[in-house]
Amino acid sequence: MARTQHVTNSAKKLNVAQPALTQSIRRLERELGVTLFERVGRNVRLTACGDALQKRVAPLLAALDELPEELAVVAGQQRAAVHLAIESASGLAVDAIAAYRLAHPDARFVVTQEASSRRWDLRVRTVRAESADPRARRFFERIGIAVPAERASQEPLPLSDLADEPFICLAGSRTFRAVCDEACAHAGFVPRVAFESDSPAVVKNMIGLGLGVGFWPERSWGGLDDSSARLASIADAPFARTIEIAPTSGPLSKEAAAFHGFLVSFFEERWREPSPLCS
């Protein structure tokens, strides 16, 4: 119920009768001596005690979910999966997985978008200088702007010149979006968002079709091939981000260690390519 915030929907997901679920929650509340849920109209929400319990129990439930896989690895029935938390440069990271599996077809991967959701071996994310992990490999890239082809030039564009343009953006929960929003704020405007999506691929395609302007990292997203838009650099400096590939704090399995080295090399190869940004 903590996820759905709805008793009936939770009962359906658990394949139990709604009265039985309600009674189980009440028994748990009596045993703990606290209220875990409160009603809000037809829905329910966690109380402060319920939220505290969920935060404590979530890692335990995640560990139980992973137990069958771990036992199968110990029994020699399958190879260990590489757990990846991909929060940035998702297209490039997925390309790396595909390339790795060409040479290692039996490699197994478990991919999530949030490192906090469950255990991870490797994490790819956008970081700020103060949060950089000293164990990680970091890749610096400028952020350009994709504009209609007729507006592109060899001269860097002042960000303020784009204040009235419709923007195609990543959804606001991503660090890349936060970096871009802060740059616009420094230039004195809030971007007029015409469309936003959680998918970088969707954002790339819409910008490429000329449906709006959009921020474009010079390395991790590659070039704007076969599109009606062109990439231009931005005069406002510094306008860039740093992508970090970090291993977990504990020891890596041999499978995760092997892919870690491959992933870093894959990114390094992209970073050696000529920048698609006008300069």
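Quick notes on the rules
- Residues numbered from 1 in each chain as written.
- Predicted model: local features only at pLDDT ≥ 70, side-chain atom pairs only at ≥ 80, totals over all residues.
- Heavy atoms only, no water.
- Helix = DSSP H or I, 4+ residues; strand = E, 2+ residues; numbered from the N terminus.
- Buried < 20%, exposed > 50% of the residue type's maximum accessible area, 1.4 Å probe, protein only.
- Contact = heavy atoms within 4.5 Å.
- Areas by Shrake-Rupley, 256 points an atom, 1.4 Å probe, with all protein chains shown as cover.
- Patch = residues over 30% accessible without salt bridge, like charges linked within 9 Å, V, L, I, M, F, W, Y side chains within 5 Å.
- Salt bridge = Lys/Arg side-chain N within 4 Å of Asp/Glu carboxyl O.
- Lys, Arg positive; Asp, Glu negative; His and termini not counted.
- Charge placed at Lys NZ, Arg CZ, Asp CG, Glu CD.
- Polar contact = N/O pair within 3.5 Å; in protein donor to acceptor, adjacent residues only side chain to side chain.
- Disulfide = S-S within 2.5 Å.
- Core = buried A, V, L, I, M, F, W, Y, C linked by side-chain atoms within 4.5 Å.
- Phe/Tyr/Trp six-rings, centres within 6.5 Å; stacked < 30°, edge-to-face > 60°.

### Notes on the overall build of the protein
Counting its regular elements, the protein contains 7 helices and 11 strands. Counting only residues that meet the buried cut, the protein has 41% of its 279 residues in that class. The long-range share in the protein, meaning contacts at least 24 apart out of those at least 6 apart in sequence, stands at 74%. Accessible area of the protein: about 15500 Å², with a carbon and sulfur share of 52%.

### What about a positive patch on the surface?
Taken together, Arg26, Arg27, Arg30 and Arg39 make up a surface patch of like positive charges. With 3 residues, helix α2 (residues 18-32) is the single largest residue contributor to the positive patch. Mapped onto the elements, Arg27 comes out in helix α2.

### Some points on the side chain of Thr126
Along the chain, the position of Thr126 falls in strand β5 (residues 122-127). Within the structure, the side chain of Thr126 is placed 2.7 Å from the side chain of Ser88, a separation counted as a polar contact. Those residues in contact with Thr126, other than ones at most four positions away along the chain, are Ser88, Thr175, Arg241, Thr242 and Ile243.

### Section: unusual backbone geometry
One non-glycine residue with positive phi stands out, namely Ala89, at about 50 degrees. The residue Ala89 is located in the loop between β3 (82-86) and α4 (90-103) in this model.

### Focus on the state of the cysteines
Using the criterion set out here, one finds 0 disulfides in the structure. No disulfide involves Cys180; its sulfur sits 7.1 Å from that of Cys184, the nearest cysteine.

### Some details on the pattern of salt bridges
Counting across every chain of the model gives 8 salt bridges. For Asp181, the salt bridge goes to Arg177, with nearest N and O atoms at 3.1 Å. Of the two residues, Asp181 and Arg177 both sit in helix α5 (residues 175-186), 4 residues apart, roughly one turn of that helix.

### Describing the nonpolar core
Ranked by internal contacts, the top residues of the largest apolar core, which has 31 residues, are Ile145, Leu159, Phe167, Phe215 and Phe239. When contributions to this core are tallied by element, the ones reaching two or more residues are β6 (137-148), β7 (166-170), α5, α6 (200-208), β9 (214-217) and β10 (229-232). Examining the composition of this core, we find that 5 residues originate from one element, α5, more than from any other. Contacts of Ile145, omitting those with residues within four sequence positions, involve Leu157, Leu162, Phe167, Val213, Gly214, Phe215, Arg230, Leu231, Ala232 and Ile234. Val82, Ala96, Ile245 and Val264 belong to the second-largest nonpolar core, a separate cluster that totals 22 residues.

### Here's the deal with the packing of aromatic side chains
For the structure shown, the criterion picks out 14 aromatic pairs. Ring centres of Phe139 and Trp271 lie 5.1 Å apart, and the angle between their planes is 55 degrees; this geometry places the pair in the tilted category. Separated by 132 residues along the polypeptide, Phe139 in strand β6 and Trp271 in helix α7 (residues 254-272) bring together distant segments of the chain. Here a set of aromatic residues connected by ring pairs shows up, and it is made of Tyr100, Phe109, Phe259, Phe262 and Phe266.

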